[in-house]
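Here's the letter readout for the chains.
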Amino acid sequence: PEDVESYVNLAAALGRRGDREGEARAYRAAVSLKPDHAAAWMNLGGTLAHDLKQPQEAISIYCEAARAFEQQGRQVEAMAHFRVLARAARQEKSDEYVPLAAALQRLAQGEISSSVIG
């Protein structure tokens, strides 16, 4: 594909087929073409955190999503998404999700900085 929406659609199709690695690659391709595509960043974060069980990597991806939302003037919408995601991350049984839940909570409060990652 040569356009962003084709990559987003490809990612969704691969996800439905259970190809989570392919899904993540397609979302990465989408955001490389359009770095302010907030939905693609959010979907990539979800794929990494929940499907591929890579919560640490998802933190930086969700930070990119927050920046994209901010660039579009959609901070309130972003904060609502991050509140829901933070609740879901806190319900995970693995300690690996504690930093993700904390980062998502900071994003839900409107913090968009490198301090979210640390």
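Residues numbered from 1 in each chain as written. Predicted model: local features only at pLDDT ≥ 70, side-chain atom pairs only at ≥ 80, totals over all residues. Heavy atoms only, no water.

Undergrad: For this particular structure, what's the right way to read the nonpolar core?
TA: Ranked by internal contacts, the top residues of the largest apolar core, which has 40 residues, are Tyr62, Phe82, Leu100 and Leu104. Among the elements of the structure, helix H1 (4-16), helix H2 (20-33), helix H3 (38-51), helix H4 (55-71), helix H5 (75-90) and helix H6 (98-108) are those that each provide at least two residues to this core. When residues of this core are assigned to their parent elements, the largest contribution, 9 residues, is made by H4. Apart from residues lying up to four places away in sequence, Tyr62 is in contact with Met42, Gly45, Gly46, Ala49, Phe82, Leu85, Leu100, Leu104 and Leu107. (Core = buried A, V, L, I, M, F, W, Y, C linked by side-chain atoms within 4.5 Å. Buried < 20%, exposed > 50% of the residue type's maximum accessible area, 1.4 Å probe, protein only. Helix = DSSP H or I, 4+ residues; strand = E, 2+ residues; numbered from the N terminus. Contact = heavy atoms within 4.5 Å.)

Undergrad: Would you take a moment to explain the confidence of the model for the protein for this structure?
TA: Detailed reading of the predicted model is not advised wherever pLDDT is low. On average, residues of the protein score 91 in pLDDT, and 94% of them are at 70 or above. Taken element by element, the predicted model of the protein shows its lowest mean pLDDT in H6 (92) and its highest in H2 (98). (pLDDT = per-residue confidence, 0-100.)

Undergrad: Where do I start with H6 in this structure?
TA: Each α-helix turn comprises 3.6 residues. Residues three or four places apart therefore point the same way. Those residues of H6 not exposed but buried are Leu100, Ala101, Ala103, Leu104, Leu107 and Ala108. In an axial view of H6, the angular spread of the buried residues amounts to 165°, which keeps them on one side of the axis. The secondary structure elements touched by the buried residues of H6 are H3, H4 and H5. Just past H6, the residue Gly110 takes up positive phi, approximately 95°. (Arc of directions from axis to C-beta.)

Undergrad: Sorry, what's going on with the side chain of His37 here?
TA: Relative to the helices and strands, His37 resides in the loop between H2 and H3. The exposure class assigned to His37 is buried, which follows from its relative accessible area of 11%. Within the structure, His37 has its side chain in polar contact with the side chain of Glu5 (distance 2.9 Å). His37 has contacts with Val4, Glu5, Val8, Val31 and Ala68, leaving out every residue within four places of it along the chain. (Polar contact = N/O pair within 3.5 Å; in protein donor to acceptor, adjacent residues only side chain to side chain.)

Undergrad: Looking at this model, I keep getting lost on the pattern of salt bridges. Mind explaining?
TA: Proximity of charged atoms lets side chains of opposite charge pair with each other. Using the criterion set out here, one finds 6 salt bridges in the structure. For the salt bridge of Glu23 with Arg20, the shortest nitrogen-to-oxygen distance reads 3.0 Å. Taken together, the residues span about one helical turn, with Glu23 and Arg20 both in helix H2 at a distance of 3 residues. With relative accessibility at 7%, the residue Glu23 sits in the buried group. Across the salt bridge formed by Arg28 and Glu57, the nearest N and O atoms sit 2.2 Å from each other. Of this pair, Arg28 sits in helix H2 while Glu57 sits in helix H4, placing them 29 residues apart in sequence. (Salt bridge = Lys/Arg side-chain N within 4 Å of Asp/Glu carboxyl O.)

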